[in-house]
Each structure stands twice: as structure tokens, then as C-alpha cells.
Amino acid sequence: MRRQALTLALVLLLGAGAALAAAQTEASFEIPFPFQAGGKKLAAGAYTVSLTADGHLLLKQDATAKETPVKVLERIAGAEPPVAGPRLVFDEVGDFAPSYTEYVTVYILSEAWFEGGDGLRTHLTKGAHRTKTVTAAGTKK
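Before going into details, it helps to say that this report is about the structure given with it. Only a predicted model underlies this, so the values are computations on that prediction, with no experimental measurement involved.

### Notes on the sheet that holds strand β1 (residues 26–31)
- The strand order across the open sheet built from 4 strands is β1-β4-β5-β6, with neighbouring strands paired in antiparallel fashion. Taken across any chain shown, the strands that pair with only one partner, and hence form the sheet edges, are β1 and β6 (67–70). Sheet twist, expressed as the average angle between the axes of neighbouring strands with direction ignored, equals 25°.
- Sheet topology note: the strand β5 (residues 57–61)/β6 ladder contains 4 bridges and is antiparallel. Within β6, the residue paired with K60 across the bridge is E67.

### A few points about the environment of V93
- Within the fold, V93 resides in strand β8 (residues 87–96).
- On the basis of relative accessible area, V93 is assigned to the buried category, the value being 16%.
- Along the backbone, V93 and Y107 are 14 residues apart, and their C-alpha atoms lie at a distance of 6.5 Å.
- Ignoring sequence-local partners within four residues, the contact set of V93 consists of V104, T105, V106, I108, T125, A128 and H129.

### What about the nonpolar core?
- With 22 residues, the main nonpolar core has F29, I31, F35, L57, L59, L88 and F90 as its most contacted residues.
- For this core, the secondary-structure elements that each account for two or more residues are β1, β2 (35–37), β4 (45–51), β5, β8 and β9 (103–113).
- Once residues lying within four places of it in the same chain are set aside, the contact partners of F35 are K40, K41, L42, A43, Y47, L59, F90 and Y107.

### Details of the pairing of β6
- Across the two faces of β6 the burial differs, with T68 and V70 buried and E67 and P69 not buried at all.
- The turn joining β5 and β6, which pair antiparallel and follow one another in sequence, is formed by 5 residues; a positive phi near 65° is taken by A65.

What counts as what
- Residues numbered from 1 in each chain as written.
- Predicted model: local features only at pLDDT ≥ 70, side-chain atom pairs only at ≥ 80, totals over all residues.
- Heavy atoms only, no water.
- Pairing = 2+ DSSP bridges.
- Helix = DSSP H or I, 4+ residues; strand = E, 2+ residues; numbered from the N terminus.
- Axes fitted to C-alpha atoms, helices over the stretch in contact; angles between N-to-C directions.
- Buried < 20%, exposed > 50% of the residue type's maximum accessible area, 1.4 Å probe, protein only.
- Contact = heavy atoms within 4.5 Å.
- Core = buried A, V, L, I, M, F, W, Y, C linked by side-chain atoms within 4.5 Å.

Worth remembering: the numbers are spatial, not functional.
Pasting the structure below:
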């Protein structure tokens with residue numbers, strides 16, 4: 001009987017750990033501008049961003065449930081002390097499009113950070129650019 005209780009406690013503890021890990025690798029964001037990620041153009045709006053079992057990021061547009069997988073190029077060592085709250089970092093670059101007469105700003109998802117973990121680089125912009133950070137919904141800046 002005691003052995004069964006210990007086994008049950010261990011199973012519950014492992015399940016709670018897995019649930020906590022899953023919760024730390026998923027966050028909701030309100031992205032106020034159109035952007036590019038995974039080679040696709042995405043609209044502004046509410047997104048749920050998660051880390052898949054195979055190590056990719058998955059962006060799910062809340063309004064349409066459309067999912068966009070994004071390849072992770074590398075892990076970025078976490079800051080000390082760890083930054084509170086999940087955040088996305090976008091590279092802000094200028095582009096002449098579509099007719100070379102109009103200069104537009106393009107936002108490209110370059111990093112994703114989850115609570116207490118390392119960052120994930122999804123894009124590396126060479127050349128002049130600025131960064132813009134979007135924090136998770138419900139997270140204080």
C-alpha cells in the first residue's frame with residue numbers, strides 16, 4: 001500500500017512538472033503590427049506562441065487558428081538575472097516595396113523568450129536595424 005502511494009505521488013509530481021514546463025513554453029501575445037516569421041507574412045493580432053516537441057516555435061493566430069511553424073536557428077543563453085515574463089523580439093528594417101517608390105517598415109520575428117528560460121533565435125538580420133519588443137499579454141513592461 002505504501003509503495004503504491006509513493007508511486008502515485010511520483011507520477012503526480014512528474015505530471016505537475018510536465019504541466020509546468022508546458023506552461024513555461026507557451027505564451028499569448030498581442031502583436032500590434034504585421035510581421036514576418038518562418039518566411040511568411042502574418043497579420044497583426046493575437047497569437048499564442050509555443051515550443052513544439054521537435055524544437056520549433058509554433059505561432060497560432062487566435063482569431064483564425066492558423067498555425068505557422070518557425071525554425072529555431074539557435075538557443076541564446078538566458079540573461080542574469082532572468083527576465084520576467086515571455087517576450088518576442090522583432091528586427092525592424094526598412095524596405096522599398098512594392099514599386100521601389102515607397103519605403104515601408106518590415107518587422108521580422110528574430111527572438112522568442114519564455115519565462116525563466118533561454119532565448120530562441122529564429123532570424124538573424126545583418127546590417128542596420130532596430131529591435132522592437134512585445135511582451136506577453138498580461139505581463140507588465
